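Tertiary structure, described
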Amino acid sequence: MTLHPKISRCADPQLVNDWHSVADMATLATKRIHQTRLLGVPVRLEVHTNRQPTAQRMDLGIAIDSVEKYGFLWLCLGTPQRPPPEIPEARETDRHCVTGGSIALNVSGLRTVENFLDMGHFPFIHTDWLGVEPHTEVPPYKVEITAENEVLATECTFFQPVASPTAKGGFMVEYVYRILRPYTVCLYKSNPVQTSRMDSIYLFVQPVDEENCVAHPFLCYLKDGIDAPTVRWFMQLIFAQDKPILENQLPKRLPLDPRAETPIRADASSICYRRWLRDQNISYGAIPSAI
Amino acid sequence: MNEAAQRIWHPIASSTDLPFRHTYHGQLLGREFAVWRADDGYVNVWENRCLHRGVRLSIGINDGTELKCQYHGWRYANRTAGCTYIPAHPADAPARTICNQTYPAIERYGLIWSAEAPVGELAYIEVLSGSAVFPLRGIAVNAPAKLVMQKLVTYQFQPSGQIKGQTATSQLLSSSDDSCHLAATDGAHSTTAVFFVQPVDAGRSVIRGVLAETPADDLKRPVLYHHNQLLTALREQVEQEFSTLPQPAPFAPVIAPPSAPTLPDIDFDSPSPRGRSAPLRVQVSKKWMTALDIAAFDLVSITGQLPTYQPGAHIDVHMPNGLIRQYSLTNGPGETDKYTIAVKREAASGGGSLCMHGQVREGDVLAISEPRNNFPLRRDAIQTVFVAGGIGITPLLAMSRTLHHSGLPQTLHYFTQSRDHIAFPEILGTMAATVQHHLNLSPEETAGQLRGILESYKPAMHLYVCGPGPMLEATRKIADDLGWPEPAVHFEYFKNTNEIDDSSQFEINLARSAMTLQVAAGKTILETLRENGIELPSSCEQGACGTCVVDILEGEPEHHDVFLSDGEKQSGKRLMTCVSRAKSNRLVLDI
């Protein structure tokens, strides 16, 4: 298998030695060979009769570490330094914890993460669902890098006409955004029924190569008033609206030079994310900054 | 490697590719363009990227005056490609520096021509100088322009008058790297054609042919069909040949970073030109009496494209008599070929209105500042109410036209003495459903009307007021009485009629410049700064327009302006350097 000249192998040790979700286990038939790519490397997947997965790098012909977690198959091309992300609410029994239908996108996974953090596009891309004109203002919010080296945006609010499948009418929804790892992001969103608790959506982004990714959503919604298929349906609706926009971003990789694009105050979380990537020397899927 | 080719004009689209309010994706030497025609006919050729997040503008929405990005709704103006509105921050006027890259466009021979860095004018082609040229359909070819050109010079076709014949001979009259002239003759019939090859990318081209004569009506379709068929055959031949050759890598055009403000100054209040500079030269292209005692002026640039403006913006006009006056732009969205202002003749004029009415004539050249917007329009209201008194219509007209064009809910209440005092009636007539005239009312009657207009405030409604001081005061008072919160009430005074007591003396400490200055009695902060070599942008210099605002870090200001709202004045966070003074002995300013 040859690589496209623009698509190089990953030289970022942090990414090579980390876990990446590559498939919803439910989509992997037993005793079949499946193929995908991770960080530009072609990989062969197999799920055995006991539902245990194994994986192999096709370029080197060697076995690599694999594990099942949250209903997804996770791989590590190098030597894992830590387990896949820990999600406490996945153990809460009053939640639907479901995979949300994996979506392939012809754009860098870092652009996909950035889009996930962005509220400003709700009225334009998710019209009548997550936002609606003329309610376009992004009120100020807080962003920080935590002691755990995560990007955390809090006190985020936005007017939504249909905030979730159970929401009736519009209201100001509160969000918290958290970037756990360069290709892993999640949001917490106020639940319309149990207003003191939050639903959560994790996005495990598989960097297929620098300009292609697969977004694997994992949803932890309170069961109150909603069934699991509706949770999945809503996620797929939202993601299908994002896909054509993301695939029309130029360049496809995320520029880390602060001068390359024009951020505004509403982009505080993305400014922080780009800087955080730059400071950790993440270059895969990015256009490195000259400064 | 493309530098030479970038200097040459190439066709990038056919005129028919730009129907009403369409956005077309063009490409030349690997560089993508968003190509769109505004309702006024102007053809825009822009870098195909929103400055914000790089989304292609060719998937954007052409509303006839502006191009709106799909992703976050950023709007870019016809001609200038300057950003006019950022929906995520509705209260802010985007910095003038947020301006997309534009490329020149010429429409000729039924084609749209452009170039990345053209040298010289697009040359006229003698054989196409007639008015009846006939463009053929563009034929896209997956092969490099050079290879296409090699085949094109041998292209054989029938003259239009003998389209069914088979015995024509074609003769190559001339050729260059990207075009060739051919003549086909069959008996007494002859047709001259010019073929241009648009180099789309390293391995892709478009053949764009133009016949020197339009065929008779009944022959148009057979002629188009004839060339389509033959050029398609040529295309297949070239593509076949190209498939056996090494495939070139696509061109990689450099996308220059935007000239926009960079981190960390991502705020909107980017520095304006210093002082009261008037860098633009405009000519009065039209002067007319738009109402009793109100003269209107169309100003066109004699120094290049006029800068982007937003509704609510004003310019400084430097008059022949040396005075400087501020006038609001009345233009609708995308009307970037001129600025239109209106001046009321004031009996008690300080000389400004008399000069504009009496002295300034069509053809005169004036120096003006770039537009500044200290009265920005929110476009996220569920209902916008405009209250204009007399000449106060000018900024509100620009605002109302903007909302009208976007179909946003609004009412424009226009208080005048009589029908004869209504300015721009022809424009108001085009949006009659949104305009309510209130004629010849006493102050009491006006107040009564205003109470009716403002009686049912709901959240996300916004009020914009401009007019004579007493009316403005009355409107603000009534809005306050009827429960309108201060941030929903936006106003602009013509002038500051406050008596300013400038007898105090105090110290100012400039935090960023690390300077301490004494402001003497009779001197303003602005004058003191200027005498010490610090030039702040300023405009009216009487506390009305808001241009010379600065942030206060420490100390208690004494406000004398009419720009800030009462709440803003109480918070003591900002002052107008042209009139504000200090209650404390010392002010620390963020300069």
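Residues numbered from 1 in each chain as written. Chains lettered and ligands numbered in written order. Predicted model: local features only at pLDDT ≥ 70, side-chain atom pairs only at ≥ 80, totals over all residues. Heavy atoms only, no water.

1. Overview of the overall build of chain A
The line we're drawing: Working definition: helices are DSSP H or I runs of at least four residues, strands are E runs of at least two. Numbering for both runs from the N terminus. Radius of gyration: over C-alpha atoms. The globule rule applied is 2.2 Å multiplied by the number of residues raised to the 0.38 power. Whether two residues are in contact is decided by their heavy atoms, any of which lying within 4.5 Å being enough. We get accessible surface area from the Shrake-Rupley algorithm with a probe of 1.4 Å; when it comes to residues, only the shown protein chains can shield them.
In terms of helices and strands, chain A carries 5 helices and 16 strands. Taking 291 residues into account, the globule formula puts the C-alpha radius of gyration at 19 Å, and chain A, at 19 Å, falls close to it. Taken along its principal axes, the extent of the C-alpha atoms in chain A is 55 × 50 × 35 Å. Taking as baseline every contact in chain A between residues at least 6 positions apart, the subset at least 24 positions apart corresponds to 61%. On chain A, roughly 11,600 Å² of surface is accessible, and the fraction owed to carbon and sulfur atoms is 53%.

2. Quick look at the interface of chain B and chain A
Inclusion rule: What counts as buried area is the accessible surface, traced by a 1.4 Å probe, that two parts surrender upon association, with contributions from both included. The term salt bridge refers to a pairing of a side-chain nitrogen on Lys or Arg with a carboxyl oxygen on Asp or Glu at a separation within 4 Å. Counted as a polar contact is a pair of N or O atoms within 3.5 Å, where, for protein atoms, one must be capable of donating a hydrogen and the other of accepting one, and residues adjacent in sequence contribute only when both atoms are in side chains. When residues are sorted by character, Ala, Val, Leu, Ile, Met, Phe, Trp, Tyr, Cys and Pro go into the nonpolar class, Asp, Glu, Lys and Arg into the charged class, and all the rest, Gly among them, into the polar class.
Between chain B and chain A, the residue contacts involve 37 residues of the former and 34 residues of the latter. For the pair chain B and chain A, the summed buried surface comes to about 3,100 Å²; carbon and sulfur atoms form 56% of the total. Across the chain B-chain A interface, the total number found is 7 salt bridges. Where R53 of chain B meets D267 of chain A, a salt bridge forms, and the shortest distance between an N and an O atom there is 3.2 Å. Linking chain B to chain A there are 20 residue pairs in polar contact (both at pLDDT 80 or more). Residue composition of the side of chain B that touches chain A, grouped by class: 19 nonpolar, 8 polar and 10 charged.

3. Thoughts on the sheet that holds strand β9 (residues 102-103) of chain B
All names here are of chain B. As a reminder, the rule being used: Strand pairing requires that DSSP identify at least two bridges connecting the strands.
Taken together, the 4 strands give an open sheet; going across it, the order is β2-β3-β4-β9, and neighbouring strands pair in antiparallel fashion. In the strand order of this sheet, the two ends are held by β2 (23-28) and β9, each with one partner. Bridging between strand β3 (residues 31-37) and strand β4 (residues 43-47) involves 5 bridges; their strand directions are antiparallel. For W36, the partnering residue across the bridge sits in β4 and is N44.

4. Comments concerning the pattern of salt bridges
Note the following rule: A 1.4 Å probe rolled over the protein chains alone gives each residue an accessible area, and that area as a share of the maximum for its type sets the label: buried under 20%, exposed over 50%, partly exposed in between.
Enumeration according to the criterion identifies 51 salt bridges over all chains in this entry. Residues R95 of chain A and E92 of chain A are paired through a salt bridge, measuring 2.6 Å at the closest nitrogen-oxygen approach. R95 of chain A gets classed as buried once you look at its relative accessible area, which sits at 8%. A relative accessible area of 30% places E92 of chain A in the partly exposed class. Residues E535 of chain B and R530 of chain B are paired through a salt bridge, measuring 3.5 Å at the closest nitrogen-oxygen approach. Overall, E535 of chain B belongs to the partly exposed group, its relative accessible area being 31%.

5. Side note on the domain arrangement of chain B
A common way to state how big an interface is: give the accessible area lost once the parts meet. Residues and elements named next belong to chain B. Applied cut-off: For the purposes of this description, domain bounds are those given by an automatic or database domain assignment.
Along its sequence, chain B is organised into domain 1 (1-120), domain 2 (124-249), domain 3 (275-368), domain 4 (383-492) and domain 5 (506-589). Spacing between the C-alpha centres of domain 1 and domain 3 amounts to 29 Å. Facing 13 residues of domain 1, the contacting portion of domain 3 comprises 10 residues. Where domain 1 abuts domain 3, roughly 880 Å² becomes buried across the two surfaces, and 56% of that area is made up of carbon and sulfur atoms. For the pair domain 1 and domain 3, the number of links is 0 salt bridges. Applying the counting rule to domain 1 against domain 3 returns 5 residue pairs in polar contact (both at pLDDT 80 or more). Of the residues that constitute the side of domain 1 that touches domain 3, the class distribution is 4 nonpolar, 5 polar and 4 charged.

6. Points about the nonpolar core
For clarity, the threshold we go by: Remark: nonpolar core denotes a set of buried residues (Ala, Val, Leu, Ile, Met, Phe, Trp, Tyr, Cys) joined through side-chain atoms within 4.5 Å.
In this structure, L75, M119, Y175, Y177 and Y273 of chain A are the most contacted members of the largest nonpolar core, which totals 89 residues. The greatest single-element share of this core, amounting to 7 residues, is contributed by helix α4 (residues 228-246) of chain A. Y175 of chain A has contacts with M119, F122, A153, T154, E155, C156, F158, Q160, L187, Y188 and K189 of chain A, leaving out every residue within four places of it along the chain. By size, the runner-up hydrophobic cluster in this structure holds 26 residues, among which are A143, L147, V148 and I207 of chain B.

7. Thoughts on the domain arrangement of chain A
All names here are of chain A. What the domain assignment reports for chain A is domain 1 (13-76) and domain 2 (88-287). Using only C-alpha atoms to locate each centre, domain 1 and domain 2 end up separated by 25 Å. Of the residues lining the interface, 17 residues belong to domain 1; the matching set on domain 2 comes to 18 residues. Summed over both sides, the interface of domain 1 with domain 2 buries roughly 1,500 Å², with 60% coming from carbon and sulfur. Our count for the domain 1 to domain 2 interface comes out at 2 salt bridges. When the shortest N-O distance is used, the salt bridge between R181 and D18 registers 2.9 Å. Among the elements that make up the side of domain 1 that touches domain 2, the one with the highest residue count is strand β1 (residues 20-24) (5 residues).

8. Some thoughts on the sheet that holds strand β1 (residues 10-14) of chain B
Within a sheet, each strand pairs with its neighbour through backbone hydrogen bonds, oriented either parallel or antiparallel. Residues and elements named next belong to chain B. To keep it simple, the criterion reads: Convention adopted: a line fitted to C-alpha atoms gives each axis, helices being fitted over their contacting stretch, and angles between N-to-C directions are expressed from 0 to 180 degrees.
Strands sit in the order β1-β11-β10 across an open sheet of 3 strands; the sheet is antiparallel. Here the strands that pair on one side only, and so sit at the sheet edges, are β1 and β10 (106-108). The mean inter-strand angle of the sheet, taken between neighbouring strand axes irrespective of direction, is 35°. With 3 bridges joining them, β10 and strand β11 (residues 111-114) adopt antiparallel strand pairing. Across the sheet, E107 pairs through a bridge with I112, a residue of β11.

9. Digging into the side chain of T290 of chain B
Residues and elements named next belong to chain B. Take T290: it is sitting in strand β18 (residues 280-291). The buried category is assigned to T290, whose relative accessible area is 7%. Polar contacts involving the side chain of T290 include one to the main-chain amide nitrogen of F424, which spans 2.7 Å. When residues no more than four places from it in sequence are discounted, the contact partners of T290 are A296, I422, A423, F424 and P425.

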